[in-house]
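# Analysis of the macromolecular model
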Amino acid sequence: MTDFLKTDRDGHVVTLTLNRPEKRNAISSAEECAEVADACRALNRDPDVRVVIVTGAGTAFCAGGDLKGMRDRTGITKGDTGAEMRDSYRFGIQMIPLALYEMDIPTIAAINGPAIGAGLDLACMCDIRIASDTARFAESFVKVGIVPGDGGAYLLPKVVGMSKALEMSLTGDAINPAEALACGLVSKVVAPDQLLPAAREMAARIAVNPPQAVRMTKRLLRESQHMRLSTLLEMSAAYQALAHGTRDHREAVDSMLEKRTPHFEGR
């Protein structure tokens, strides 16, 4: 492990903090990518984790890739040939969307500062995005003569729509929090000192619900983006049958009828 990632747990909520503030949390190495991916996979296997918050240490959320590494062909952009560079992406930065975006656990990006290039795509891998009013956002790959190599071409249009995604990707220009809110890139903008409290408050509102139903609901919404309605309905029926068989479903119904606070165990 590289200690790039700091992990804090408070009950059923885990906060993952990119912890290279001196480098604006830029992602520099395959080892750092593996650390993020491994953490996501481990959390996804933990039935006691109900929400994950992703944020950055210091003044930036994530400045994307390491420019010096790009120049020197080291780290996540290591390779003297096209085949070597391809593998650097496949076994480096691309491990993160395969792990983070595919998590069953709901994820909240608490965007404390600039989210640039791969940093913006990292935020888009999360389900919900809350931004500090000091944040800014750029799909800036074109500015350094490359393309989104970490899934941004898939992720960004799903978040902001194709027209806005093309505008951001083809210009590489940054947008401010007000613009991000207007295009649906973020759902809330708060003062810097309110960012983590707002993310934790939202996490708490999610975590009080039956965790298996929450995970299945997220999966249905993810799959709905590329399924026919008839196929999604079949998947929904199967998930609903599973949900009806849980103890938490019975507890939810009983607590409503008995007008008391429910206690969910994830079973």
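Each remark here, short or long, concerns the structure printed above.
Residue numbering note: each chain is counted from 1, following its sequence as written. For a predicted model such as this one, the threshold for reporting local features is a pLDDT of at least 70, and the threshold for listing and counting side-chain atom pairs is 80 or more; totals across whole chains, interfaces and linings nevertheless cover every residue. Excluded from the side-chain calculations are hydrogens and water; all other atoms, namely the structure's heavy atoms, are used.

### Comments concerning the state of the cysteines
- A pair of sulfur atoms, both from cysteines and within 2.5 Å, is called a disulfide here. Scanning the model with the defined rule gives zero disulfides in all.
- The thiol of C33 is unpaired, and the distance to the nearest cysteine sulfur, on C62, comes to 9.6 Å.
- Per-residue accessibility, obtained with a 1.4 Å probe over protein chains only, is compared with the maximum for each type, and a residue is labelled buried under 20%, exposed over 50%, and partly exposed between these values. Its relative accessible area of 0% is what places C33 among the buried residues.

### Looking at the sheet that holds strand β8 (residues 188-190)
- By this definition, two strands are paired if DSSP reports at least two bridges between them. A helix here means a DSSP run of H or I that spans at least four residues, while a strand means a run of E at least two residues long, and both kinds are numbered starting from the N terminus. Taken in spatial order, the six strands line up as β1-β2-β3-β4-β6-β8 in an open sheet, and their pairing is mixed. At either end of the open sheet lies a strand with only one pairing partner, and these are β1 (5-10) and β8. Geometrically, the sheet is characterised by an average inter-axis angle of 20° between neighbouring strands, direction not taken into account.
- In this structure, β1 lies alongside strand β2 (residues 13-18), joined through six bridges in antiparallel fashion. Paired with L5 across the strands is L18, a residue of β2.
- Across the sheet, helix α5 (residues 118-125) touches β2, β4 (107-111) and β6 (128-132), and the angle it forms with β4 is around 145°. Helix axes are fitted only over the stretch in contact, all axes being lines through C-alpha atoms; the angle between N-to-C directions runs from 0 to 180 degrees. Contact definition: two residues touch when any of their heavy atoms are within 4.5 Å.

### Some points on unusual backbone geometry
- Positive phi, close to 55°, is recorded for R24, a residue that is not glycine.
- Along the chain, the position of R24 falls in the loop between β2 and α1 (30-44).
- R24 sits in the partly exposed class, given a relative accessible area of 35%.
- Despite not being glycine, K259 shows a phi value in the positive range, around 55°.
- By secondary structure assignment, the location of K259 is in the segment after α12 (247-258).

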